[in-house]
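# Results of the structural survey
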Amino acid sequence: MTPLLKGDDAIAVAGMRVKSMPEEVLSLPLMIDPSYPVVDGSVVYLTADKKGCTTVQNVGAGYVGIVVLYGPVDSYKKGDVVPVMVKGKIWSPSVAKITDLTTVVGATTDGKITATATAVEGMRFASPSVGSQNLTVIEILGV
């Protein structure tokens, strides 16, 4: 039997929670048709009233979360209820390998983590990247 994941890729999968306290995961409806595939480990933005989520960047408000690994969902559509971590630690793929943990956490317009000069409020890198997806532990400080 050939293992599905090998080497550094066997460490984690996108959207997998890192055991941490405190932790908060909200079940939020996706309010609009997503502008990118909303999958495990994707960055999503909470609406201003925190009653839903969207793919429209809302970085200035700091209302941001990452989709938690749930199971048999390829990608979420408008109206689906999405498990979103808004406080705690979670594995998320990054655009490029992260080695400097003091780098500012940002997000691309297609929902991926990146190191950037424009910060996403309330997030920081908690581990260097590993594996072919550049999986990185992101610490979400809460909304």
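Rules used in this analysis
Residues numbered from 1 in each chain as written. Predicted model: local features only at pLDDT ≥ 70, side-chain atom pairs only at ≥ 80, totals over all residues. Heavy atoms only, no water. Helix = DSSP H or I, 4+ residues; strand = E, 2+ residues; numbered from the N terminus. Buried < 20%, exposed > 50% of the residue type's maximum accessible area, 1.4 Å probe, protein only. Contact = heavy atoms within 4.5 Å. Areas by Shrake-Rupley, 256 points an atom, 1.4 Å probe, with all protein chains shown as cover. Salt bridge = Lys/Arg side-chain N within 4 Å of Asp/Glu carboxyl O. Core = buried A, V, L, I, M, F, W, Y, C linked by side-chain atoms within 4.5 Å. Pairing = 2+ DSSP bridges.

Turning our eyes to something else, we now look at the overall build of the protein chain. Secondary structure assignment for the protein chain yields zero helices and 10 strands. Expressed as a percentage of the 143 residues in the protein chain, the buried residues total 41%. A separation threshold of at least 6 residues defines the contact pool for the protein chain, and within that pool the share at least 24 residues apart is 58%. Total accessible area on the protein chain stands at roughly 7,400 Å², and carbon and sulfur atoms take up 56% of it.

So, on to the pattern of salt bridges. As enumerated under the stated definition, the model contains three salt bridges in all. A salt bridge links K77 to D80; the nearest nitrogen and oxygen atoms lie 3.8 Å apart. For K77, a relative accessible area of 53% translates into the label exposed. Residue D80 is classed as partly exposed on the basis of its relative accessible area, which comes to 24%. In this structure, E139 and R124 form a salt bridge, with 2.9 Å as the shortest nitrogen-oxygen distance. Of this pair, E139 sits in strand β10 (residues 135-140) while R124 sits in strand β9 (residues 123-125), and the two are 15 residues apart along the sequence. Residue R124 is classed as partly exposed on the basis of its relative accessible area, which comes to 42%.

Among the nonpolar cores identified, the biggest contains 28 residues, and I66, V84, I113 and M123 are the most heavily contacted of them. Of all the secondary structure elements, the ones that give two or more residues to this core are β3 (43-46), β5 (64-67), β6 (81-93), β7 (105-107), β9 and β10. Not counting residues up to four positions away in its chain, the partners in contact with I113 are V43, I66, S92, P93, S94, V95, V105, G106, M123, F125 and I138. Ranked by size, the runner-up nonpolar core spans five residues in total, among them A12, A14, W91 and V137.

To continue, consider the pairing of β6. Of all 13 residues making up β6, 10 are buried, and the element is well covered by its neighbours. Bridge analysis of strand β1 (residues 17-18) against β6 gives two bridges, and the strand direction is antiparallel. Residue pairing for β6: R17 is matched across the bridge by I90. Bridge count for strand β2 (residues 24-29) against β6 is six bridges, and the pairing is antiparallel.

A few words on the side chain of D40. With respect to the element layout, D40 can be found in the loop between β2 and β3. Ignoring anything within four residues of it in the chain, the contact list for D40 reads A14, G15, V67, V68, L69 and Y70.

For the rest of this paragraph, the subject is the side chain of T114. Within the fold, T114 resides in strand β8 (residues 113-115). Among the residues examined, T114 registers a relative accessible area of 17% and is labelled buried. Those residues in contact with T114, other than ones at most four positions away along the chain, are V95, V104, V105, G106, A107, T108 and F125.

Along the polypeptide, A115 turns up in strand β8. A115 gets classed as partly exposed once you look at its relative accessible area, which sits at 37%. Separated by 15 residues in the primary sequence, A115 and D100 have C-alpha atoms spaced 9.3 Å apart. Setting aside chain neighbours within four positions, we find A115 in contact with I98, T103, V104 and F125.

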